[in-house]
Amino acid sequence: MSKIYEALKKAEQERERSRLRPTLRAAAGATEDQASANQEDYQRLRASVVSMAVPSGLHTVLICASHHGEGATTVAVGLASALAKERETRVLLVEANVRTPCLGAVLPLSTTAGLSDFAQGRAAPEALVTRLDDVNLSVIAAGNAPSPTMNLEVIDSLLTRLQSQFDFVILDGPPVNNYADAAVIATKVDGVILVIEADRTPVAEAEAAKRQLDKVGARILGVVLNRRRSYIPAFLESIL
Ligand SMILES: Nc1ncnc2c1ncn2[C@@H]1O[C@H](COP(=O)(O)OP(=O)(O)OP(=O)(O)O)[C@@H](O)[C@H]1O
Ligand SMILES: [Mg+2]
């Protein structure tokens, strides 16, 4: 890969990061309130995943959306954190989105090296894990090395190396309708959760994402309808 391509790619990623950073920071700043408001939802999502873990051997889960910004990273972090609340549950969150990586803006990662550095043979996966003791979470970021696509061998070999050390590996993926990466990763995980933004994602786009995943034989565990707004009062909704 040429140096110019690398520089352009880095600039593109930096532009994308700075576009997302303020909103992610704002969300992080609001986490106390927002997290407690969302906690119920993530606990429910966690319960569904845990209930499938034993009977069907579900350990590796890819979270992806149909398009950018629908909330894949948000849901991946929320689910991983909810699973990690059980202190004895070992959870690894992998930023498997080398297109628009931004996990470092949401979580206090000690290194920016990650998956793409492993893909380029620059580091062993074990050396890339940041341990967040406060939240009982282990995290691997997308990394610094230029890696325009995600290949099957990289994910396969990462999961082979690390899977046995964790009860759950949650992968934060890029959007299915934008890149082939998510469908590639989907073939290597036990299940996929599709994130769809309520009132924004057209049905045809959601269907297209599902078709892509079906085509590669992915096991779709379910769909998270993100940012759903309720048009009825909360007290009424809670008794419905
Ligand atoms: N339920 C929500 N409530 C409030 N803000 C949200 C919610 N879900 C996502 N966001 C915000 O929307 C923005 C995009 O979310 P996120 O980064 O999770 O999307 P994404 O699907 O991972 O995007 P990309 O494909 O670019 O990685 C972020 O600023 C995030 O904080
Ligand atoms: Mg994301």
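Just above sits the structure.
Before going into details, it helps to say that this report is about the structure given with it. Small disclaimer: the values here were computed from a predicted structure and weren't measured.

### Looking at the overall build of the protein chain
Here's step 1: On a plain count of helices and strands, the protein chain comes out with 9 helices and 7 strands.
Here's step 2: Put simply, the protein chain has 240 residues, and 40% of those count as buried.
Here's step 3: Within the protein chain, contacts between residues separated by at least 24 positions form 79% of all contacts whose residues are at least 6 apart in sequence.

### A look at unusual backbone geometry
Here's step 1: One non-glycine residue with positive phi stands out, namely Asn 136, at about 60°.
Here's step 2: Within the element layout of this structure, Asn 136 appears in the loop between strand E3 (130-132) and strand E4 (137-140).
Here's step 3: Look at Asn 136 and you get partly exposed, because 18 C-beta atoms sit within 10 Å.
Here's step 4: Here the phi dihedral of Arg 227 falls at roughly 55°; this positive angle occurs in a residue that is not glycine.

### Some thoughts on the environment of Leu 107
Here's step 1: Looking at where Leu 107 falls in the secondary structure, it is placed in the loop between helix H4 (103-106) and helix H5 (115-119).
Here's step 2: C-alpha of Leu 107 to C-alpha of Leu 132: the two residues are 25 residues apart in sequence and 8.8 Å apart in space.
Here's step 3: In this view, Leu 107 contacts Val 77, Leu 132 and Val 139; residues no more than four positions away in its chain are not counted.

### Points about the sheet that holds strand E1 (residues 60-65)
Here's step 1: Reading across from one edge, E3-E4-E2-E5-E1-E6-E7 is the order of the 7 strands in this open sheet, with mixed pairing throughout. Here the strands that pair on one side only, and so sit at the sheet edges, are E3 and strand E7 (220-226). Recorded for the sheet is a direction-independent mean angle of 20° between the axes of neighbouring strands.
Here's step 2: Here strand E6 (residues 191-197) runs beside E7; their pairing, made up of 6 bridges, is parallel. Bridging across to E7, Leu 194 finds its partner in Val 223.
Here's step 3: Together, E1, strand E2 (91-95), E4, strand E5 (168-172), E6 and E7 form the strand contacts of helix H3 (residues 72-84), whose direction differs from that of E5 by roughly 165°.
Here's step 4: Across the sheet, helix H8 (residues 203-215) touches E6 and E7, and the angle it forms with E6 is around 170°.

### Looking at the nonpolar core
Here's step 1: Of all hydrophobic cores here, the largest spans 65 residues; its most connected members are Ile 63, Leu 79 and Ile 170.
Here's step 2: Ranked by residues supplied to this core, first place goes to H3 with 9 residues.
Here's step 3: Excluding its chain neighbours within four sequence positions, the residues that come into contact with Leu 79 are Tyr 42, Leu 45, Arg 46, Val 49, Ile 63 and Ile 170.

### Side note on the pairing of E6
Here's step 1: The buried fraction of E6 amounts to 6 of the 7 residues, a majority that puts the element mostly inside the structure.
Here's step 2: The sheet contact formed by E1 and E6 spans 5 bridges and is parallel. Within E6, the residue paired with Leu 62 across the bridge is Val 192.

### Overview of H8
Here's step 1: Here H8 spans 18 Å end to end across 13 residues, near enough to the 18 Å set by a 1.5 Å rise per residue.
Here's step 2: Of the residues making up H8, those classed as buried are Ala 206, Ala 209 and Leu 213. For H8, the arc enclosing every buried residue in end-on projection is 60°, short of the 170-degree limit, so these residues lie on one face. Opposite the packed face of H8, turned more than 90 degrees from it, sit the exposed residues Val 203, Ala 204, Glu 207, Arg 211 and Lys 215.
Here's step 3: Buried residues belonging to H8 abut helix H7 (181-186), E6 and E7.
Here's step 4: Where H8 terminates, the next one or two residues include Gly 217, which has phi positive at roughly 75°.

Parameters at a glance
- Starting from 1, residues in each chain are numbered consecutively following that chain's sequence as written.
- Both sets of labels track the order of writing: A upward for chains, 1 upward for ligands.
- Restriction of local features to residues with pLDDT of at least 70 applies here, the model being predicted, together with a cutoff of 80 or more for giving and counting side-chain atom pairs; totals for whole chains, interfaces and linings are based on all residues.
- To qualify as a helix, a DSSP run of H or I must reach at least 4 residues; to qualify as a strand, a run of E must reach at least 2; elements of each kind are numbered from the N terminus.
- Partly exposed residues are those whose C-beta has more than 12 but fewer than 20 other C-beta atoms within 10 Å; with 20 or more the residue is buried, with 12 or fewer it is exposed, and the C-beta atoms are placed from the backbone.
- Residue pairs are scored as contacts if the distance between their C-beta atoms, which are placed from the backbone, is within 7 Å.
- For two strands to pair, DSSP has to find at least two bridges joining them.
- Axis definition: a line fit to C-alpha positions, over the contact stretch in the case of helices; interaxial angles, taken between N-to-C directions, run 0 to 180 degrees.
- We define a nonpolar core as a collection of buried residues of the types Ala, Val, Leu, Ile, Met, Phe, Trp, Tyr and Cys that are connected via C-beta atoms lying within 7 Å of each other.
- Each helix should span, by expectation, one fewer than its residue count multiplied by 1.5 Å.
- Throughout, the arc means the angular range of directions from the helix axis out to the C-beta atoms.

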